[in-house]
Amino acid sequence: MSRKKDLHRKRNVSWNKDPGGTLGQQTAIFLLLFTLVTFLILYSSNNGNENFQFQSLKVKSQHKPNFRKVDAKNGYLPVQGNKSLHTHCQRCVVITSSSHLIGSHLGPTIDESECTIRMNDAPTTAYEPDVGSKTTFRVVAHSSVYRVLRRPQEFLNKSQETTLVFWGPTNKMQKESKGSLLHIIRHATAAFTNVAAFVVSPGKMKSFDELFRGETGKDREKSRSWLSTGWFTMGIAMDLCDQIHVYGMVPPNYCSRRMAFRKLAYHYYEPKGPDECTTYLQNERSRRGSHHRFITEKLVFAHWASIYNITFSHPRWFQDH
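As the structure is a computational prediction, the values presented were derived from the model and not from experiment. (Residues numbered from 1 in each chain as written. Predicted model: local features only at pLDDT ≥ 70, side-chain atom pairs only at ≥ 80, totals over all residues. Heavy atoms only, no water.)

1. Let's talk about the pattern of salt bridges
- Going through the model one piece at a time under the given rule, you end up with five salt bridges.
- With a closest N to O distance of 2.7 Å, lysine 204 and aspartate 239 form a salt bridge. On the criterion of sequence distance, the pair formed by lysine 204 in helix α9 (residues 202-216) and aspartate 239 in helix α10 (residues 229-240) is long-range, its members being 35 residues apart.
- For arginine 220, the salt bridge goes to aspartate 209, with nearest N and O atoms at 2.7 Å. Of this pair, arginine 220 sits in the loop between α9 and β7 (225-226) while aspartate 209 sits in helix α9; the two residues are eleven residues apart in sequence, bridging distant segments of the chain.
- Owing to a relative accessible area of 22%, aspartate 209 belongs among the partly exposed residues under this scheme.
- Linked by salt bridges that have partners in common, Asp209, Arg220 and Glu221 make up one network. (Salt bridge = Lys/Arg side-chain N within 4 Å of Asp/Glu carboxyl O. Helix = DSSP H or I, 4+ residues; strand = E, 2+ residues; numbered from the N terminus. Buried < 20%, exposed > 50% of the residue type's maximum accessible area, 1.4 Å probe, protein only.)

2. So, the environment of valine 140
- Mapped onto the fold, valine 140 is located in strand β4 (residues 137-141).
- Residue valine 140 is classed as buried on the basis of its relative accessible area, which comes to 0%.
- Residues valine 140 and valine 199, spaced 59 residues apart in sequence, show a C-alpha to C-alpha distance of 9.4 Å.
- Excluding residues that lie within four positions of it along the chain, valine 140 makes contacts with Asn120, Val145, Val148, Val165, Phe166 and Trp167. (Contact = heavy atoms within 4.5 Å.)

3. Quick notes on the nonpolar core
- Grouped together as the largest cluster of nonpolar side chains are 40 residues, with contacts concentrated most on Trp231, Trp304, Ile310 and Phe312.
- It is α10 that provides the largest number of residues to this core, a total of seven residues.
- Counting residues in each nonpolar core, the second largest holds 18 residues, with Val148, Leu156, Met173 and Phe192 among its members. (Core = buried A, V, L, I, M, F, W, Y, C linked by side-chain atoms within 4.5 Å.)

4. So, the state of the cysteines
- Evaluation of the coordinates by the stated rule reveals three disulfides.
- Between the sulfur atoms of cysteine 89 and its disulfide partner cysteine 115 the distance amounts to 1.9 Å. Negative torsions about the S-S bond denote left-handed disulfides, and the value of about -75° found for cysteine 89 with cysteine 115 makes this one left-handed. Here cysteine 89 is found in strand β2 (residues 89-95), whereas its partner cysteine 115 is found in strand β3 (residues 115-119), with 26 residues between them in sequence. Take cysteine 89 and cysteine 115: they sit in the same class, and that class is buried.
- Each disulfide pairs two cysteine sulfurs, and for cysteine 92 the partner residue is cysteine 241, the sulfurs being separated by 2.0 Å. Between cysteine 92 and cysteine 241, the S-S torsion sits near -85°, and that sign places the bridge as left-handed. (Disulfide = S-S within 2.5 Å.)

5. Observations regarding the side chain of glutamate 276
- Inspection of the secondary structure puts glutamate 276 in helix α11 (residues 276-285).
- Buried charge without a partner: glutamate 276 forms no salt bridge, and the closest opposite charge is lysine 298, 6.8 Å away.
- With residues up to four places along the chain from it excluded, the contact list for glutamate 276 reads Ser98, His100, Val250, Leu264, Ala265 and Tyr266. (Lys, Arg positive; Asp, Glu negative; His and termini not counted.)

6. Section: helix α12 (residues 294-307)
- In this model, α12 (14 residues) spans 21 Å end to end at C-alpha, consistent with the 20 Å of a helix rising 1.5 Å per residue.
- Most of α12 is tucked away: ten of the 14 residues are buried.
- Taken together, the buried positions of α12 are Phe294, Ile295, Thr296, Glu297, Lys298, Val300, Phe301, His303, Trp304 and Ala305.
- Buried residues belonging to α12 abut α9, β7, α10, α11, β9 (291-292) and β10 (310-313). (Expected span 1.5 Å × (residues − 1).)

7. Quick look at the environment of arginine 293
- Structurally, arginine 293 is set in the loop between β9 and α12.
- C-alpha separation for the pair arginine 293 and arginine 224, spaced 69 residues apart in sequence, amounts to 9.5 Å.

Here is the structure:
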């Protein structure tokens, strides 16, 4: 009988000890995980990255940026020969890739302009009634080089003379090695005498970063931001033009007015592509990875319009001047 009591007592002791041991292990694991998560949060908040909150962003109202900090001769390097980008236009139009242009019937008006500036691989063929056919300058991102060069009949072999301006990181655009983007651009444009091609110089690329920091107070790299082709196009237009009219760009507050904006494709030539406002808002608000800050850039453009001769239409921007 005493043997049974002793066995029962041992089982009770074992049973009472086991929960305490399991609870202790769980507590230790929880504390370890809590400490690890806290450390990661503190580390990520102090690793040199800036949080990007466009809602609280205030563009300087009196600041007047210097667009010609790096002059055109040193800012745009020829792909072939010793040419220089010396073209200057009194009046330019910038035609965006927005679906807002579809049905606008702006083609004839655009083609009457002194200089027309287009972006990346936005075509004119089959869209002439709305976007026109004339192209004086085409600003092309490093990520769009292949899309432009693989369609020479559309982008290189047009009857009128066109100047292509390619932009991109120095490590992508300045390499002379075979197979590099610069080598591909040089080889592709050599056969087309009506095309002049330039690459934005390292100094000019740096000045575009400095312009973003000066206008927004945000370091582009630390805030995980990629400058868009629209940013470079507006900056280049300010270099080359006295007066600028932008067609198809929405104002900064357009996508925040839930009842006002229509769902439209991001590109007029990709009707089944992503929605314009969804693309803008996702890029603007994202904190993970690097993204374009489309809305912030438009806030800056609104500032530039208040001190330079820039107007916007289709949709129209309400401006003070």
